[in-house]
Amino acid sequence: MSLALDDIKNFIKVSETKNITRASESLGLTQPALSYSIKRLENELGHELIVRLKNGVVLTKFGQAFLSKARKLIILWEESQKMLTTEGEETRGEFSIGAHPSVALYSCTKILSKIYENFPRLDFKFEHALSREITEKVISWEVDFGIVINPIAHPDLVIHEIANDKVTLFSTGVKDGRLIYDPKLSQSTHIIGKLPSNLRENYIHSESLEVVAQLASKGLGVGLLPGKVAVNFPKLKAIKDAPYFVDRLCLVYRNEKHQNIVSKSIIKLIKESFI
């Protein structure tokens, strides 16, 4: 029997999405190609793995049993790729880190500086999205580590709080009540709900916190921002007595994916970066 690693990864994605269409879109494959990949794996194993229904797929009993073994196989392969390539005493390999772009700007320099003191030959790949999307990528084995804001507890996640941040209103002292903020952030909803109605009449929306900060720093309105973003714009000052929301900056990862020495060291170094 010769199992293809890509076929195993494709099966794991189908098992997570319970849908061939969504899995194929996520993997960047056509539906026929993904279906053929699953059928090839089933032929190699000698058992059906999934049953197709009108609204998706379900795993067979064999598929459910194979899923845990498939994940272990992927972990073993990834560990061999990451930690076992050494020259002398220098460890080589690649890890992926997911973070919202604004979170990456104020956290990743600190993190990488600490890591490179100990592992100068490691490579890193960054993925940027909203924190909840990064958390989902960690859960689904697509990203090794997430640096995320306010993650929701999940049975497959280890969550370590590494710092706090205060989200509130910042301005240059401008009298104009125009509000500048990212409407997609839950913190925005929390804070705006506590503002007087006259401060919500006019607004500027942007999905970039750096753009929000830049506009507010030019006196175009009041920016709703995390303190760690606003600090890079010296003209901005927090508005006294404004409503605020305390963010939890957290490291998230799957424990079973990081049992090797290098992974454990990286986790320790990320935590130490914020002490």
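As a reminder, the structure under discussion sits directly above these lines.
Worth saying up front: this structure is predicted, and the values here are computed from it rather than measured.

A. Quick look at the environment of Pro101. Tracing the backbone shows Pro101 in helix H5 (residues 101–118). Relative accessible area serves as the criterion here: at 37%, Pro101 is assigned to the partly exposed category. Taking the C-alpha atoms as reference points, Pro101 and Ala129, 28 residues apart in sequence, are found 7.0 Å from one another. Apart from residues lying up to four places away in sequence, Pro101 is in contact with His128 and Ala129.

B. Quick peek at the nonpolar core. Ranked by size, the top nonpolar core spans 40 residues in total, and within it Ile115, Ile147, Leu225, Leu249 and Ile266 carry the most contacts. Ignoring any residue separated from it by four or fewer positions in sequence, one finds Ile266 in contact with Phe95, Ile115, Leu122, Phe124 and Phe145. If you look at the next biggest cluster of nonpolar residues, it comprises 18 residues, including Ile8, Phe11, Ile20 and Ala70.

C. Main features of the pattern of salt bridges. For the structure on display, the rule yields twelve salt bridges. Among the salt bridges present, the one from Asp7 reaches Arg40, with a minimum N-O distance of 2.7 Å. Taken together, the positions of Asp7 in helix H1 (residues 5–17) and Arg40 in helix H3 (residues 31–45) put the pair 33 residues apart, joining distant regions of the chain. Here Asp7 falls in the buried class, since its relative accessible area comes to 3%. Taking relative accessible area as the criterion, Arg40 reaches 33% and is therefore assigned partly exposed.

D. The packing of aromatic side chains, seen in detail. Under the criterion given, the structure shown has six aromatic pairs. Between Phe145 and Tyr253, the ring centres sit 6.3 Å apart and the planes meet at 70°, which makes this aromatic pair edge-to-face. One end of the pair, Phe145, is in strand S6 (residues 145–149); the other, Tyr253, is in strand S12 (residues 245–253), and 108 residues separate them in sequence. Take Phe145: its relative accessible area is 0%, and that puts it in the buried class. Ring pairing ties together the aromatic residues Phe95, Tyr116, Phe124, Phe145 and Tyr253, which thus form one cluster.

Criteria and cut-off values
- Residues numbered from 1 in each chain as written.
- Predicted model: local features only at pLDDT ≥ 70, side-chain atom pairs only at ≥ 80, totals over all residues.
- Heavy atoms only, no water.
- Helix = DSSP H or I, 4+ residues; strand = E, 2+ residues; numbered from the N terminus.
- Buried < 20%, exposed > 50% of the residue type's maximum accessible area, 1.4 Å probe, protein only.
- Contact = heavy atoms within 4.5 Å.
- Core = buried A, V, L, I, M, F, W, Y, C linked by side-chain atoms within 4.5 Å.
- Salt bridge = Lys/Arg side-chain N within 4 Å of Asp/Glu carboxyl O.
- Phe/Tyr/Trp six-rings, centres within 6.5 Å; stacked < 30°, edge-to-face > 60°.

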